[in-house]
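The chain contents come next:
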Amino acid sequence: KSGKLGRKVDLIDGKKKTGLRSWRIYGVILSGSQLMFFKDESGFTAQMKKLKNSEESAILPVLKPDVILMTADSVAVYDKNYEKYKNVFRLVCPKGHQYLFQAENDAEMNDWISKINYA
Ligand code: I3P
C-alpha cells in the first residue's frame, strides 16, 4: 500500500512528549511490515504514478526512504480522544514511541490501520 500521510511524533518512552511536535506530510509505502517514509512527497507521488504505468520495477531503486519504521510489533488504533484533525490514527510502537498519522479520508485511515496491523 502507498499514499500520503501526515505525521506527528507524539510520545517517546510511552509518556514523554517530543520536542518537535509539528505535522509534516510524507509519501508512505507499506511493504510487508516496513513502513517507509519519503520527505519529498511530490517526487514520491510522481514516481508512484510512473511505477503504476510501468511493467517494470526499475524505477523503484530511485525511491530512497528517509525513514523506515518496522511495524511488526506495533499497533495502529483509531484515537477518539484526538479531536483536532479528522482521520487521525495512532501508532503505538514496542519501545514506547507513539506517532499520530493523518490519512486523506476515513476509508484510507481504516485501510492503513488494518494493513499495518495485519502485515
Ligand atoms: C506544534 C504544532 C502542532 C500541534 C502541537 C504544537 O507546534 O502546532 O500542529 O499539534 O501541539 O506543539 P510547533 O509547530 O511549534 O512544533 P496538533 O496539531 O496535534 O495540535 P501539541 O504540543 O499539543 O501536540
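On a predicted model such as this, the values are computed, not experimentally measured, just so you know.

This part takes up the environment of Arg-7. When you line up the elements, Arg-7 lands in strand β1 (residues 2-12). With relative accessibility at 12%, the residue Arg-7 sits in the buried group. Along the chain, Arg-7 and Phe-37 lie 30 residues apart, while their C-alpha atoms are 9.8 Å from each other. Apart from residues lying up to four places away in sequence, Arg-7 is in contact with Ser-22, Trp-23, Arg-24, Tyr-26, Phe-37, Val-67, Tyr-99, Leu-100 and Phe-101.

Right, let's get into the pattern of salt bridges. Across all of its chains, the model carries eight salt bridges by this definition. The residue Lys-1 makes a salt bridge to Asp-111 at a minimum N-O spacing of 2.8 Å. You can see Lys-1 sitting in the segment before β1 and its partner Asp-111 sitting in helix α2 (residues 106-118), a full 110 residues away along the chain. The exposure class assigned to Asp-111 is partly exposed, which follows from its relative accessible area of 23%. A salt bridge links Glu-104 to Lys-4, with the shortest nitrogen-to-oxygen separation between them at 3.8 Å. With a gap of 100 residues between them, Glu-104 in the loop between β8 (98-102) and α2 and Lys-4 in strand β1 connect regions that are remote in the sequence.

With that settled, consider helix α1 (residues 41-52). Here α1 spans 16 Å end to end across 12 residues, near enough to the 16 Å set by a 1.5 Å rise per residue. Turning to α1, its buried residues number three or more, namely Glu-41, Phe-44, Gln-47, Met-48 and Leu-51. The buried residues of α1 occupy an angular sector of 120 degrees when the element is viewed end-on, so they sit on one face. Exposed residues pointing more than 90 degrees away from the buried face of α1 are listed as Ser-42 and Lys-49. Tucked inside the fold, the buried residues of α1 contact β1, β3 (24-31) and β4 (34-38).

It is worth spelling out the nonpolar core at this point. In this structure, Leu-35, Phe-89, Leu-91, Phe-101, Trp-112 and Ile-116 are the most contacted members of the largest nonpolar core, which totals 19 residues. Listing elements by their share of this core, those giving two or more residues are β1, β3, β4, β7 (88-92), β8 and α2. Per-element tally for this core: the top contributor is α2, with four residues. Setting aside chain neighbours within four positions, we find Phe-101 in contact with Leu-5, Gly-6, Arg-7, Trp-23, Leu-35, Phe-37, Asn-87, Val-88, Phe-89 and Leu-91.

Right, let's get into the packing of aromatic side chains. Going through the model one piece at a time under the given rule, you end up with seven aromatic pairs. A ring pair is formed by Tyr-99 and Phe-101, whose centres lie 6.0 Å apart and whose planes are at 20 degrees; its orientation type is stacked. The exposure class assigned to Tyr-99 is buried, which follows from its relative accessible area of 9%. Under the relative-accessibility criterion, Phe-101 is labelled buried at 0%. The structure contains a cluster of three or more aromatic residues connected by ring pairs, namely Tyr-26, Phe-37, Phe-89, Tyr-99 and Phe-101. The lysine or arginine in question, Arg-7, covers the ring of Phe-37, its NZ or CZ lying 5.0 Å from the ring centre. The ring of Tyr-26 carries Arg-24 above its face, with NZ or CZ at 5.4 Å from the centroid.

Quick notes on the rules
- Residues numbered from 1 in each chain as written.
- Predicted model: local features only at pLDDT ≥ 70, side-chain atom pairs only at ≥ 80, totals over all residues.
- Heavy atoms only, no water.
- Helix = DSSP H or I, 4+ residues; strand = E, 2+ residues; numbered from the N terminus.
- Buried < 20%, exposed > 50% of the residue type's maximum accessible area, 1.4 Å probe, protein only.
- Contact = heavy atoms within 4.5 Å.
- Salt bridge = Lys/Arg side-chain N within 4 Å of Asp/Glu carboxyl O.
- Expected span 1.5 Å × (residues − 1).
- Arc of directions from axis to C-beta.
- Core = buried A, V, L, I, M, F, W, Y, C linked by side-chain atoms within 4.5 Å.
- Phe/Tyr/Trp six-rings, centres within 6.5 Å; stacked < 30°, edge-to-face > 60°.
- Lys NZ or Arg CZ within 6 Å of the ring centre and 35° of its normal.

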